[in-house]
Structures are given as structure tokens and as C-alpha cells.
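Okay, here's what each chain looks like letter by letter:
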Amino acid sequence: MDEHISKFTDILDDEIDCSQPISLPSSNNSDLQEHSVVVQNRPPKNTGQEGNFRSIEEIDLKYRHVFSYPYFNLVQSRVIDDALYTDKSMVVCAPTGSGKTVIFEMAIVHLLMELEDKNYTDDFKIIYMAPVKALCTERLSEWYPKFNKLGLLCIEVTGDTDVEFPQLKPYRIIITTPEKWDMLTRRWKDHRSLVEVIKLFLIDEVHILNDEIRGPVLEAVVSRMKTIESSAQSAHRLEKLKAQYEGTNSTSSVSAAKIRFVAVSATISNPDDVVTWLGTADRQAVYYKFGDECRPVKLKRIVEGYPCADGTSIFKFDIVLNYKLWPIIQKYHNGKPTLIFCNTRKSVVLTAETLAKEITVSFSPEQKMKLTTLASTIKTKKIQSLILCGVGCHHAGLLFEERMNIEHAFRNRDLPILITTTTLAMGVNLPAHLVIIKNTQQYVNGAYQEYSISTILQMVGRAGRPQYDTEATAVIMTRLQDKSRYQALVGGSEPLQSYLHKRLAENLNSEAALGTVCDVAQCVQWLNSTFLSVRAARDPKRYLGLPQAAPAHQISKKIEELCVKAMNGLAMAGLITMDEASCIESTEAGRLMSVYYLDLGTMKLIMKLEGTESLERLLWLVCESHELSDMHLRVDERRCLNALNRNNAAATIRFPMKGKINSRQMKLNCIIQAVLGCLPIPDPSLNQEAMKIMRIADRVCKCLVSYVTRSNLISQNPRFFATILNSLILAKCISAHLWENSPYVSRQLKGIGPTFSGLLASAGKVNFMLLEESHPRDLERLMNKGPPAGNILRKQINLLPKYNLTTTPIDDQTVQIQLSLLNQALLAENIEQLTAGASHKSYVIVGDSENNLLYFTYFNRDKNNIESEQAIQSEKIKENNTCTDVKLKRKYRINDLDKIDVELPKFLIGESQTVGFKTEGNIVKQNIRNTEQEVKSEITNQNIQNNVSETEDEILEIEGNISPQFKLEEVTNLDLEVTDAILNPKMLLQCISKDVTDDIIPPPPEFSDNDTFQPTFVLHDDKINREHDLMDSKDSKYDNEIENIFSENNAADLSPSEDIGSWTLTHKVEPCDECDVVMGQAELTPFNLKETR
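Residues numbered from 1 in each chain as written. Predicted model: local features only at pLDDT ≥ 70, side-chain atom pairs only at ≥ 80, totals over all residues. Heavy atoms only, no water.

### Quick notes on the overall build of the protein chain
Here is step 1: Along the backbone of the protein chain there are 40 helices and 28 strands.
Here is step 2: Here the protein chain, with 1093 residues, has 56% of them falling under the buried criterion.
Here is step 3: Working note: accessible area of the protein chain is about 46,300 Å², and carbon and sulfur atoms make up 49% of it. (Helix = DSSP H or I, 4+ residues; strand = E, 2+ residues; numbered from the N terminus. Buried < 20%, exposed > 50% of the residue type's maximum accessible area, 1.4 Å probe, protein only. Areas by Shrake-Rupley, 256 points an atom, 1.4 Å probe, with all protein chains shown as cover.)

Have a look at this one:
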């Protein structure tokens, strides 16, 4: 007996050495239906059981490899009957480290065995939901090798994963977060065939319901899944009734859709409320609640209260706690690793400095050597010195490699003390013998507030390492007046609460946009399916302001009033419409708010647009969005931000701000402009935040463009031209991470990063026309790369779509616009290798100098219609050109024409999935006269004016970001050849200059790969020509190599330096589906026009 029990180990203690990528396709495993077999004789229950511990011998041999140990632990053994042998929804509350993940695996195995017994061959999905991405990644790395053997593909779908529903079809196990799944399922009615096959829904860390921000998201998602289940069952019943009415027997063996919910949580006091929420009237759920007796490592919880006088700042109290730490560590650490949680990055460093002065631990020579090695991997000198004292720091401001090295050292017991922020508790499984929570308040949105219950439980749960300890200690250091609250919390006596009522308007709007709620009755019905309804019935005083013993009908009436109040608020905001019968319908603004997952406050800001907003003003709107409200301005960031804002010695942002950076919005504005301007951000923490900021800003801008280009606004021909144009420009810039007039356009090409784009820009290669006209050998010299790097670069540019735009004044009221694709045949021949992708959405916008929107339209060009025109002759293509007559808003007399400006800006704005282009900034005025045909070009951004006298037969080609204005006197043809027009969401931006060497911005010194490399060459022309002659003979060979690269999709590392693995061409450009086009409709496309004589 003892021998068998000694084999018992918790599965969560096993470390996964090899992490898998985000999604792992299977090349040699078939789908599950090919594994379906007839029912086998399975081992009976309790086979191999030893005492209270059940054995994996009672599971089919086919599925035993899912479980890593021969015996289940106490928690798993008690729940196995319901988890593995029934399809009941269930909730399991147990301490951290008690093996709750295995319960999910039991539920998955039960589903597979059930489908196998029924010979089920149709599609099915399993959803696993965890609160943070790190847990999702850990689960993917653990489950992929297990379930891939059974033909089940796994995919991780989190915030930084750009995926749509159709792409999820091949995958059976979808690992996601509440926010991502909420965003995806807000359009579930468009993808019924995928969501209605969900059989199992797994919820990890369900106690995040207690989080005021994330709790409502989880609650809304689970309630939506219940709505999907109900909808599928209703459709199934209707199908059966229809079959009975028609007198036919329904031969479908598929039963009504049922979703099994399995939720696990840390110890809570009211799991019965969660069970009531997850269960239904005909299928009751069950729950199991376990205490500390089931922990593999016994945990001692201690709450220490310290006096904090009224009016004392939390910051000062936090500093006081620094001097209380060392006595606690000495008392409880027992010579084993200690993990300390702080509320801010600054507190982490201050705490570490205080401890380093007090620590009296002596290290052996071997330990000192390991600490010295670890310190050598850290760039910050202050943290280096702390590590040498045995104190490590861990927060998001460190580089990823630095954090990994510190975690590895702490896990291997080389670093005795690690001080970190709460991020480590939610993400990385890094247990310690002693865990200390220093201060229970954190700074959120300009004020201090208490940690959420889920955060406290996560931090406490990090105490205890089963492979090393038999017991562990968790100490909470808080204010004396809060001591009793935290004693109750860590003891598991704190109930889960609902915070959906604080986000009711946003969630009701998403349901209205889905069509789930159409009136007050349906709104109440939806609310009754939420956890809020369960808690309101248990505690009406807290949620509804009613007496604790209020009758049911009074509670129902109050809930109805709550719904009506929320709907009235949405109606007043213009997000829904309500009639006299209280029937509601979502407006276009409400639908966009739901689709783009925006906060109500952000949508209100967008709806206040007046139509005259400049690019700078729209950028401020993005910075004021509520989605970015969790970004804070830290004291140690101000110097770096102020240098980016105003600096006489270096390049600065495009729109400098007055004064010093002193607010969150100014910080966001500065970071976004720095990214768009390709300015180096020396602070690592700001670099980390910049990625998140740009991702959120991209979503806000897409919603912004969708709102200002909605059909009901465009049909009114409003004075909205400036806002529409600048919204498209900003969205394109945010998506491409470049300004529309940036000289670093080449960095959007494959294999070109900050270093190479800086070198090319320094040499005057600031647009695609100049790059395409350059000799491949010149490009290779500039980049210090060998052949055929220049050929590959030019090949990419050749495969960009080139458009010809022709404007023809018809009379004093009409201008005709013709748009044609010049290199259609070449693109059709290389449809799989297109640099800009195979799907484009382009905009044609016409406005005048009085901000009137004269004309607006868009067209799609994708893989199908490019290929369909492949065999069409050139004259036939002209017949298919986009051709539009643009009417002016008022009539003019002939003698007034020389005073009239009609602005035809930004003709082409487009997108695809990898690159794109757009127009903005420079203005070219054309005066067309009867007698002299004089053309005046005015480039306002560069203060350059050209007066060019043209003959009647010449064609004006202008390269750059142009907004032409015409003064019309007679019918005159003006052909504008767009030589480098690229359509794509990540756009290939172009900049213009009369003399390209005038406006060259040298690359920052940080971009330099090789200090000995000089981009300026002193070579005589005859020598260059001789070299060109020698190398030209080899170009055909290089072209063949390029073709092989594109056709075989082989990786080609052509860089002799460390900089670029970026010349690796390993990914084919896949065509975008329709959903991608819709989501990216905010994208712009710039083009360059070149003036020739």
C-alpha cells in the first residue's frame, strides 16, 4: 500500500521541457472520425484501485497516455466518477497545486469515448479558457503531444493571434482567453456551423469572476455559450416538428446540441452559486469543494497587519513595509527560495535595494560564480549589482531574455530571493517555499485600490514546491484595518461576486448587435442566464438595493428596471433605437462598437467627430480611448519621453507637444508617434508597452474608419472629407507602423529591417520607384549583402500592383476618373508570391476645398478576379477600368473658372494583408489654360514650387503623396500614371522629394550593424560601369534562384552579418479571406507620382 501511494505525484509538478509554437498542424495524423471504431469492452470501474486512489488502468489503453501517472491523486480520485463517466456540468474548487488540470483531461477523454461509442463522425469543438496568455501557452505545450496522437489538433487563440472563425475549422481543441473568445463570438450567428458543434467548454480559474474588469467578460462569454446551446436546441426541435408536419421520419441521428461546462477554481465559499449558473432545469450541475487537506504541500497562511494612519499615502506605507521584510524572511524562509510580490515596478527596485543592504546570506564560491554569470546577462547595472547580492528583480520592463534567465536561476535555486510584480503570479508557474505579498493595494487608473481576490489567491498559490517541500508559507502584509478581511479571504470564506451590472450597457449592446435581445422581455431573459441573476437572488441588497428577504417578484421587477435603464442609456448614446413598444434594434454605431470590441466611452468619443478633424486631432482621440486607460505615466519614463518630444540634438516626433510630458495621453501620443517615425525608444519598458499600444490603437482606428465611411453618412455627401481622409491615413499608418511620408518605406519588404531601411534611406532610396530603378549590385553594396539580395529586393517591388489614374475634365461640373491596373498580367502569373498579398480593398475619394465629400467608393480586387483577367488583352482591361463621373456641388460661369479650386485628393487608398500604400501631405495645383497649357506643381510639405511649361502631347507624371486641385476651363485630358501603388493593410509607404537627396534622414546610430561599414562609396563611374557589366551576366542566374525561392518556398539566408535572418523567405503570401478585408477596411494605400519632362 505505501509503495503504491509513494508513486502518487501531482501532475502539475511535471515540467514541460520543449514548448510548442502557437498552433501546430498535423502532417501525419488523420482527423478523429478516422479513428472511430465500434464499442470496445472497456475495463470496469475501480480497476487497479489502491485505497482511495483510482488507477489509470480503468481507462481504455488507447487514452492512457493522456495521464502521466499510474494513480490519480485524492482530488482526482473523488471526482472521477462524474468527470469520466457522466456528461454532467461540474465545478471543482480545490487549492492551487492539487491537480485540477487532470479533471479537464478526464472530461476530454470522456467526450472522445462517448463519440466513439456513437460512431460520431461529424465535427466537434472543445474550448479551453484561461485568464492569461501564459496559461494558454502552457496548456498548448502540454496538450498538443497528448491529443495529437488521437487526431485532435490544438490551437492557441489569444489577444496577439490574428485569426477568424473559418480558420478554426480544422482544430478540435481551441485554447483561448475570455476577451478573445468574447470578441470572436460577437459574430457567432455568421458562423453557426462552427459554434454549434461545441461539445465541451472548460473554464480555468473561474474565480476571476471576482475581478471587476475581467469578471464581466467571463460572465458574458459563458452566458453567450448558453444562448448558443439554447438556439441550437430550438433549431433541432423545429427540424423535428417540420419533419412530423411533412409526414416524413427524421433520419438524423444527431441529438440536440448540448454543451458540457467544466469549471475549476481555487477554494471559494459559494461554488453552489456557480453550479446554479452553469446548470439548466433539465440538467443539474454538480460541484466538489476541497480544502487544504488535499494540497500536496501543506500551506501555512499568515496575515500581518501594520498601522497606517488616516491620510498616510500608500506610497509612504509601501516604503515602511520595505523595512519589515527582512525579519519575516529570516523567520520563515528556512534557507529556501523566497518570492516577494510588489505593486509597481518602482516598488520592486526600491524593495530590492533595501533588502540588498540588510541581507546577511553568505554564498559559496559556486553560488557566487552562478550569480556572476546571471548578472552578466543583465544590461541594467543597478539590477546587476542587486543580483550579485542574491536579490533578483522581475517585471515587464526587463527584456524577455533577461526575464527568462532570472526565472531559470530562481527555479534552479541559484537565486535565493526574487522580487516581482503581480504579472508573474498570473503567468508563470514559478513556486517558492516562502511567498510574501508586500502591500495589498495597487495603483489603477489614477487611484489606489485593493487587489482582486483572484490575484491574491494566485500569489498565495505560488507557495509550495512539491518536488522540494512538504510545507510552505504565504505571508500577506497589509494595513491593520484590512487584516481581518484578508484572513477570511485566504481561508476560502470569501464568496464569488458578479460585477456584470457595472458593464451591463456594453454587454447588452453586443447582444443587441447579435440580435439576441430585441425587446425588454428578451433582455430580462438574457440577464436571467447570467451569474448576476444568481447572485442578485442570493444577495438582493448588494445588487438591487432591496431587503435581504425580498420576494421573487420584487427582484424580477428590479432586474427589469435595471435592463430598461441600461437600454435607455444606449438609446440616448445613439447605439440602439427603441420604439414605443420597447423593441430595440442596434444602430450602425452600436454594431461597430460590438464588432471592434470597444468601450462605451471610446465609442462616444468617435461619435462626436465633426468632420474637420486633422491627423493630429484624430491621433489624440486614439490616445484618449478607454482601451488604453490602464497605461500609466511613470516618473522614470519622463526623461525618455521628453527627449522624444523635443530634442535639438536628435530626431523627434512629427507633432511635438507643448511643455513636458505629464499625462497618460501625452505618453501614449509620444510613443505612437515615435513608432510611426521609426525613432529608437531606449527604455525597454516603453518598448514593451509600445507593442500593446499599437495593437489596441490599430483596433480603435479600424472602428474609426468604419464609422466615418458608413453608408448612411456617405450617402448624405457631408462636409466630412477631412475626417474621412485623415482617418484612413491614420489607420494605415498605425497598421504599417510608419508615417505616410516616411523615408523608411523599404522596411515593409521581406528581409528589410530597421538597419537596412536606414542604410537605403541614407543613400536616397526613399521610395519604391527609386529602389526599382536601382541596379541590384548597388542595393547590395548599400546593405553590405551579397548577391542575389538586390535581385530579390527588386523582385518584391516588381510584384507590387501598379495603377494608372486618369482624370478628364468633361465640363465645368464634371471630372471623369479612370483607374487601371497596369501590371495585371505579371501579378496574375505570380499570384502566390505577390508582395502586397492577393486581396485588396481600395478607396476612391473626391472632395473639394470646402471640405465637401464629392464622391466616395471602394472596390475589391482579389485572387479570383486577378486570375480571371489574366487572358484579357490590354484594350479589354481598359474597358473594365473603374470609371466615374464626379459632379461638383455647384455650377460656375466660364469667367470664374480661374478662381475655382476643386480638390481631388487621395484617389487610391487600398489594402491587403502584408503591405500597402497611401497618399497624403503634398499638394499639386494644376492650372490648365486654353492658350499655354501651363502646369504648376506646389509641394507644400517641402516648400518646393515648380513652374513647368508643357507641350500638348506630354503626360504629367508626379511621384509622391499628392492631393491635386484643378481649375477647369475646358475639356482637357490629364493622365496621372501611378507607378508604385500598393494595396495592403501593412502598406508600403512612399515619400516624395524634388531632389531625393535633399530630405534624406540618416539612420539612428542604433541601427548600425557594423561600425566599420560606411554607406558612402567613392567609386568612379567607369569602375562602376565595368562592375555592372561583369555582374549583369549573372543576373539571369540570380533570377532563376529567385524563382526557385518563390516556387519551392525555401529559406535563403543571404546576410553575412548578424542583422538579418530577415532575408528568409519561408512563408507564402496567402490570399486574404473576406473577413480579413472587412476587418481591414480602414486601410489606406499611398502612391507616388513622378514629374517627368
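More follows now that the structure is in view.
### Focus: helix H23 (residues 588-595)
Here is step 1: Burial runs high along H23: 6 of the 8 residues are buried.
Here is step 2: All of the buried residues along H23 are Ala589, Gly590, Leu592, Met593, Ser594 and Val595.
Here is step 3: At the exit of H23 stands Tyr597, carrying a positive phi of roughly 60°.

### Some words on a nonpolar patch on the surface
Here is step 1: Taken together, the side chains of Phe315, Ile319, Tyr323, Tyr443 and Tyr448 make up a nonpolar region of the molecular surface, amounting to roughly 470 Å² of accessible area.
Here is step 2: For Tyr323, a relative accessible area of 52% gives the class exposed. (Patch = residues over 30% accessible without salt bridge, like charges linked within 9 Å, V, L, I, M, F, W, Y side chains within 5 Å. Salt bridge = Lys/Arg side-chain N within 4 Å of Asp/Glu carboxyl O.)

### Points about unusual backbone geometry
Here is step 1: Here the amide bond leading from Pro787 into Pro788 is cis, since omega sits at 0°, within 30 degrees of zero.
Here is step 2: Considering the arrangement of structural elements, one finds Pro788 in the loop between helix H33 (776-783) and helix H34 (789-798).

### Let's talk about the sheet that holds strand E7 (residues 286-289)
Working definition: the strands of a sheet are paired by backbone hydrogen bonds and lie parallel or antiparallel to each other.
Here is step 1: Across the sheet, 7 strands lie side by side as E3-E4-E2-E5-E6-E1-E7; this open sheet has parallel pairing. Each of the sheet's edge strands pairs with one partner strand only, and the pair in question is strand E3 (154-157) and E7. Neighbour-to-neighbour, the strand axes of the sheet open up by a mean angle of 15°, direction not taken into account.
Here is step 2: In this sheet, strand E4 (residues 173-176) lies alongside E3 in parallel orientation, the contact comprising 4 bridges. The residue of E4 that forms the bridge with Val157 is Thr176.
Here is step 3: Most of the contacts of helix H7 (residues 215-245) go to strand E5 (residues 198-203), to which it runs at about 165°, and overall it touches strand E2 (125-129), E5 and strand E6 (260-265). (Pairing = 2+ DSSP bridges. Axes fitted to C-alpha atoms, helices over the stretch in contact; angles between N-to-C directions. Contact = heavy atoms within 4.5 Å.)

### Considering the pattern of salt bridges
Here is step 1: Overall, the coordinates contain 46 salt bridges when judged by the stated rule.
Here is step 2: A salt bridge links Glu156 to Lys133, with the shortest nitrogen-to-oxygen separation between them at 3.5 Å. Taken together, the residues Glu156 in strand E3 and Lys133 in helix H4 (residues 133-148) connect sequence positions 23 residues apart.
Here is step 3: Classification of Glu156 as buried rests on a relative accessible area of 1%.
Here is step 4: For Asp182, the salt bridge goes to Arg224, with nearest N and O atoms at 2.6 Å.

### Observations concerning the packing of helix H19 (residues 520-527) against helix H22 (residues 552-572)
Here is step 1: In the contact formed by H19 and H22, the axes pass within 9 Å of each other and the chain directions differ by 115°. For H19 against H22, the interelement crossing comes out right-handed. Contacts between H19 and H22 pair Val520, Cys523, Val524 and Leu527 from the former with Ile559, Glu560, Leu562, Cys563, Val564 and Met567 from the latter.
Here is step 2: Classifying every residue of the contact of H19 with H22 by side-chain character gives 9 nonpolar, no polar and 1 charged. (Left-handed = near helix turned anticlockwise from the far one by under 90°. Nonpolar A, V, L, I, M, F, W, Y, C, P; charged D, E, K, R; others polar.)

### Some details on the packing of aromatic side chains
Geometry of an aromatic ring pair is reported as the spacing of the ring centres plus the angle between the planes.
Here is step 1: Applying the stated criterion to the full structure yields 11 aromatic pairs.
Here is step 2: With centroids separated by 5.7 Å and ring planes inclined at 80°, the aromatic side chains of Phe104 and Tyr128 adopt a geometry described as edge-to-face. On the criterion of sequence distance, the pair formed by Phe104 in helix H3 (residues 101-117) and Tyr128 in strand E2 is long-range, its members being 24 residues apart. The two residues Phe104 and Tyr128 agree in class, both being buried.
Here is step 3: Ring geometry for Tyr288 against Phe290: centres 6.4 Å apart, planes inclined by 5°, an arrangement best described as stacked.
Here is step 4: Here Phe290 falls in the buried class, since its relative accessible area comes to 3%. (Phe/Tyr/Trp six-rings, centres within 6.5 Å; stacked < 30°, edge-to-face > 60°.)

### Comments concerning the packing of helix H5 (residues 178-185) against H7
Here is step 1: Between H5 and H7, the shortest axis-to-axis distance is 9 Å and the interhelical angle comes to 45°. Compared by their axis directions, H5 and H7 come out oblique. Relative to H7, the crossing made by H5 is left-handed. On H7, the residues touching Pro178, Glu179, Trp181, Asp182 and Thr185 of H5 are Val217, Leu218, Val221, Arg224 and Met225.
Here is step 2: Partitioned by chemical class, the residues of the contact of H5 with H7 number 6 nonpolar, 1 polar and 3 charged. (Parallel < 35°, antiparallel > 145°, perpendicular 65-115°, else oblique.)

### Re the side chain of Lys765
Here is step 1: Tracing the chain through its elements places Lys765 in the loop between helix H31 (754-762) and helix H32 (768-773).
Here is step 2: Buried within the structure, Lys765 lacks any salt-bridge partner; its nearest side chain of opposite charge belongs to Asp778, at an N-O separation of 5.9 Å.
Here is step 3: Side chain to side chain, Lys765 and Ser774 meet in a polar contact 2.8 Å long.
Here is step 4: If we skip the residues at most four places from it in the chain, Lys765 touches Pro743, Leu760, Leu770, Leu771, Ser774 and Leu782. (Lys, Arg positive; Asp, Glu negative; His and termini not counted. Polar contact = N/O pair within 3.5 Å; in protein donor to acceptor, adjacent residues only side chain to side chain.)

### Quick notes on the nonpolar core
Here is step 1: Ranked by internal contacts, the top residues of the largest apolar core, which has 93 residues, are Met603, Ile606, Ile672 and Ile724.
Here is step 2: Sort the elements by how many residues they give to this core and helix H28 (residues 684-708) lands first, with 13 residues.
Here is step 3: With residues near it in sequence (within four places) discarded, Ile724 still touches Val708, Thr709, Ile714, Ile845, Leu853 and Phe856.
Here is step 4: Ile387, Ile419, Ala432 and Ile456 belong to the second largest nonpolar core, which has 63 residues in total. (Core = buried A, V, L, I, M, F, W, Y, C linked by side-chain atoms within 4.5 Å.)

### As for the pairing of strand E18 (residues 803-811)
As a general feature of sheets, a regular strand has side chains that alternate between the two faces.
Here is step 1: The buried fraction of E18 amounts to 7 of the 9 residues, a majority that puts the element mostly inside the structure.
Here is step 2: With 8 bridges connecting them, E18 and strand E19 (residues 814-821) associate as antiparallel partners. Of the residues in E19, the one forming a bridge with Thr806 is Gln818.
Here is step 3: The antiparallel hairpin formed by E18 and E19 contains 2 residues in its connecting segment.

Interpretation in functional terms is not warranted from these geometric data alone.
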